[in-house]
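Per-entry structural report
Single-letter residue listing:
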Amino acid sequence: MIPRRIVALAIFVLFCTIAACTPATVAPGDPDPSGSATATPRLGDGIVRVALDGAPRRLGLAPRFASDPIGRAERVIDNLVMAQLVKRNDAGQPETDLAESVPTLANGGARFDGEGAERRMTVRFRLRSNARWSDGKDVTSADVVFSWQLARRPTGEGVVVDTAQRIERVTAIDDRTVAFAYYSHSSARAAAIGAPNRLGFLLGQWGPTLDPRMSYGLPDSWIYPRHLLGGGGADEPLDALLARTGFDRRPVGAGPYGIERWQGDEIRLRARTDFHGGKPTFPAIVARVTTPAERAIGLVNGQFDLAVFEGDDAAAGVGLQRAQGLMVDGPIPTDDEEVVRFNTASPALRDARIRRAILHAIDRRALAVDRFTERAASAALVEDAIGAVTRNDPERARQLLREAGWQIGNVDVPSRGVERPTLRLLTTADPARSRQAALIESTLAPYGIHVTPTRVAADALFAPGGPLARSAFDLAIYGVASTGDRLSDMLDRLTAESANRPDSRLTGLRARAEIALEGTERQAILTDADALAAERLFEARLYVYPRAIVRATSLLGPRISGSGIGITWNAARWARG
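This brings us to the overall build of the chain. Summing up its helical and strand segments, the chain has 20 helices and 18 strands in all. For the chain, with 577 residues in total, the buried portion stands at 53%. For the chain, contacts bridging at least 24 residues in sequence account for 68% of all contacts bridging at least 6. Per element, the accessible surface of the chain, about 24,100 Å² overall, is 53% carbon and sulfur.

The next thing to look at is unusual backbone geometry. Omega for the bond connecting glycine 330 with proline 331 falls within 30 degrees of zero, at 10 degrees, which places this linkage in the cis form. One non-glycine residue, serine 471, adopts positive backbone phi at about 60 degrees. Looking at where serine 471 falls in the secondary structure, it is placed in the loop between helix H17 (458-461) and strand E15 (475-480).

Two numbers describe how helix H12 (residues 364-372) lies on helix H16 (residues 431-444): the axes approach to 10 Å, and their chain directions differ by 155 degrees. Accordingly, the angle class assigned to the pair H12 and H16 is roughly antiparallel. By crossing handedness, the relation of H12 to H16 is classed as right-handed. Listed contacts from H16 to Ala366, Leu367, Asp370 and Arg371 of H12 are Ala432, Arg435, Gln436, Leu439 and Ile440. Considered class by class, the residues forming the contact of H12 with H16 number five nonpolar, one polar and three charged.

On to the packing of aromatic side chains, then. Tallying each qualifying case throughout the model produces six aromatic pairs. Between phenylalanine 125 and phenylalanine 180, the ring centres sit 5.1 Å apart and the planes meet at 70 degrees, which makes this aromatic pair edge-to-face. Taken together, the positions of phenylalanine 125 in strand E5 (residues 120-126) and phenylalanine 180 in strand E7 (residues 177-182) put the pair 55 residues apart, joining distant regions of the chain. Of the two residues examined, phenylalanine 125 and phenylalanine 180, each falls in the buried class.

Another aspect to go through is the environment of proline 63. Along the chain, proline 63 turns up in the loop between strand E1 (47-52) and helix H2 (72-81). C-alpha separation for the pair proline 63 and glycine 566, spaced 503 residues apart in sequence, amounts to 9.4 Å. Setting aside residues no more than four positions away along its own chain, proline 63 makes contact with Arg75, Gln84, Pro219, Asp220, Ser221 and Trp222.

Between its terminal C-alpha atoms helix H20 (residues 519-536) stretches 25 Å, which fits the 26 Å expected from 18 residues at 1.5 Å a residue. Buried within H20 we find Arg522, Ile525, Leu526, Ala529, Asp530, Leu532, Ala533, Ala534 and Arg536. At the exit of H20 stands leucine 537, carrying a positive phi of roughly 50 degrees.

Attention now goes to the pairing of strand E11 (residues 306-310). Most of E11 is tucked away: five of the five residues are buried. Side chains of E11 alternate between two faces, with Leu306, Val308 and Glu310 and Ala307 and Phe309 buried alike. Where E1 lies against E11, two bridges are found, and the strand directions are parallel. Bridged to alanine 51 within E11 is alanine 307. Sheet analysis places E11 next to strand E16 (residues 539-552), joined by five bridges and oriented antiparallel. Within E16, the position partnered with glutamate 310 by the bridge is arginine 547.

What follows deals with the pairing of E1. In summary, the side chains of a regular strand alternate between the two faces of the sheet. Among the six residues in E1, six count as buried, and that is most of the element. The alternating pattern of E1 places Ile47, Arg49 and Ala51 and Val48, Val50 and Leu52 on opposite faces, both of which are buried. Where E1 and strand E10 (residues 284-289) come together, six bridges link them in parallel fashion. In the sheet register, leucine 52 faces E10, and the bridge partner there is valine 289.

Another point: the side chain of arginine 371. Among the structural elements, arginine 371 can be located in helix H12. Every residue in contact with arginine 371, bar those within four places of it in the chain, is listed here: Asp312, Glu338, Ala432, Arg435, Gln436, Tyr543 and Tyr545.

So, on to helix H5 (residues 185-194). Inspection of H5 places His185, Ser187, Ala188, Ala191 and Ala192 among the buried residues, and these make up the whole buried set. Down the axis of H5, the smallest arc covering the buried residues is 165 degrees, so these residues share one side. Those residues of H5 that are exposed and angled more than 90 degrees off the buried face are Ile193 and Gly194. On its buried face, H5 is in contact with E5, strand E6 (167-172) and helix H6 (196-199).

Bringing the nonpolar core into the picture now. One finds Ile77, Leu98, Phe180, Tyr224, Leu269 and Ile285 to be the most contacted residues of the largest nonpolar core, which totals 70 residues. Of all the elements, helix H3 (residues 141-151) adds the most residues to this core, at six residues. The next biggest cluster of nonpolar side chains, apart from the first, holds 54 residues, and it includes Ala314, Phe342, Leu359 and Leu423.

Axis separation between helix H11 (residues 352-361) and helix H15 (residues 394-403) bottoms out at 8 Å; the angle between their running directions is 160 degrees. Comparing their axes, H15 and H11 come out roughly antiparallel. The chirality of how H11 crosses H15 is left-handed. Residue-level inspection shows Arg353, Ile354, Arg356, Ala357, His360 and Ala361 of H11 in contact with H15, the latter providing Pro394, Arg396, Ala397, Leu400, Leu401 and Glu403. Residues of the contact of H11 with H15, tallied by class, amount to seven nonpolar, one polar and four charged.

Pairing between the strands of a sheet is mediated by backbone hydrogen bonds and can be parallel or antiparallel. Reading across the sheet, the ten strands line up as E8-E9-E10-E1-E11-E16-E12-E15-E13-E14 and stay open at both edges, with mixed pairing between neighbours. Here the strands that pair on one side only, and so sit at the sheet edges, are strand E8 (257-263) and strand E14 (451-456). When the angles between neighbouring strand axes are averaged without regard to direction, this sheet yields 20 degrees. In the sheet, strand E13 (residues 423-428) pairs with E14 via six bridges, with the strands oriented parallel. Directly across from leucine 426, in E14, lies its bridge partner threonine 454. Helix-sheet contacts for H16 involve strand E12 (326-342), E13, E14, E15 and E16, and the interaxial angle to E15 is about 140 degrees.

On to the confidence of the model for the chain. In this model, the chain carries a mean pLDDT of 83, and residues with pLDDT of at least 70 account for 85%. Mean pLDDT across the elements of the chain ranges from a minimum in helix H1 (residues 4-20), with 36, to a maximum in strand E9 (residues 266-271), with 97. Low pLDDT (under 50) marks residues 1-43, which in the prediction has 62 contacts with non-local residues, meaning those over four places away or in another chain. The low-confidence segment residues 409-420, where pLDDT is below 50, has 23 contacts with residues more than four positions distant or belonging to other chains.

What counts, and at which threshold
Residues numbered from 1 in each chain as written. Predicted model: local features only at pLDDT ≥ 70, side-chain atom pairs only at ≥ 80, totals over all residues. Heavy atoms only, no water. Helix = DSSP H or I, 4+ residues; strand = E, 2+ residues; numbered from the N terminus. Buried < 20%, exposed > 50% of the residue type's maximum accessible area, 1.4 Å probe, protein only. Contact = heavy atoms within 4.5 Å. Areas by Shrake-Rupley, 256 points an atom, 1.4 Å probe, with all protein chains shown as cover. Axes fitted to C-alpha atoms, helices over the stretch in contact; angles between N-to-C directions. Parallel < 35°, antiparallel > 145°, perpendicular 65-115°, else oblique. Left-handed = near helix turned anticlockwise from the far one by under 90°. Nonpolar A, V, L, I, M, F, W, Y, C, P; charged D, E, K, R; others polar. Phe/Tyr/Trp six-rings, centres within 6.5 Å; stacked < 30°, edge-to-face > 60°. Expected span 1.5 Å × (residues − 1). Pairing = 2+ DSSP bridges. Arc of directions from axis to C-beta. Core = buried A, V, L, I, M, F, W, Y, C linked by side-chain atoms within 4.5 Å. pLDDT = per-residue confidence, 0-100.

Below you can see the structure in the form of structure tokens.
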């Protein structure tokens, strides 16, 4: 197989050729590749054409799966079709969708009720009077209650502890008003004891259950039509329900567009004139599955108005900066990252000095350049608390190995009593990570650290009984998708790593986070959590995934963001300029 970086280089050369050279003929309606001021205007037929970087597999599942490698294409379509009570904008701030306003403590939409152990947070949402499903039926508070019930169900990927699980009940006050009641101290304990498999995380709850994302209602779920999905068993997983009803292929949502046709690799969406946010500017959006080369050539030739180049493809998008008629935003770092995980129970890695030495030996920049090329690597190298103290430093790596008793050519450290001639490096079987594993293997070899890579399918790696869960590794490299709340992400990872080693400091951090709703408070807790993670040194960021978007200069509105909200979150307001 041809290495991915060679393919990327070939594509980039092709981009440069298209952007910088004038062909003998230019088809009518195509931009002038020479860059002259007399270029023919780009597409202007009232349709926006979006190039997808993969084929959607299942639509309408949930925003929380948007950052999965298979999920970016789904998010493009879901943002056009589905809706939430309150959504997140490109700046990571709440913005009204189906709800008339964003409820907060300051405006009275959120408040505390009850006293003592019965004190709880209650949040109310008032639905827009003109909110309707794409089949014409009204969106009601009963749909919101039903959506919360769906959000609490497990999916094929397993149970996810999110905002929906912290809510004790959702009540329809009237057809347009719905109240979210979070667990009180006493009801949280009762729920944890009654349903330990699903709600056991509430057992250590102190005071009323709070959530910094309370203003969103259900930040990890779409709002679903009860009249179409209300049948079936109460325990049927959400993804199974959507597949059984065909909803994952033709969802009926409350978003600005509805699916008109899905044929092969092309999805055509028609604007809804009754959309609660106002009639969309463009009557239709057409999304087509493409390869990186097809996206680039199609953008230059005016076949596409918009495309996202993410991760391994980010450099390809940056390569279009000089193309006539195009605007390139980025690359910027995203919230998603590639990490190296240490099995701290491994005899060869129990000594934190060995783990620190490995991080000093690894050249993160070399890994980022290999993965994304030089053009996008700078956006990928975002330093965190651990990276700040484990920068590439070969001499420091050797010093730490000597201090720990690690002899060149002998991985065994007598003080740990177990000989381990090689370190097992676990990762996925895709070509990019195979290269990364080979780079790490060759980088560590001069230090006397011998590595044997094991590559498995991603599904097998993360399976409940897979090698990661069984700790059948010494080192592991894989991608981590952010939920959009870095503090919650860090605390969840620390908790998983500390499952068999209770730590009062972590318990204290979680208790502080439970009652911290304000940004500066949560940032202070995050700083302390990062410090604990740096001390534990069970995991370290190698790099984050960069992202660039390329659009026709005439298309106004699409915004690049480092979060996983998806580029079409505000598509109803796009315009031509």
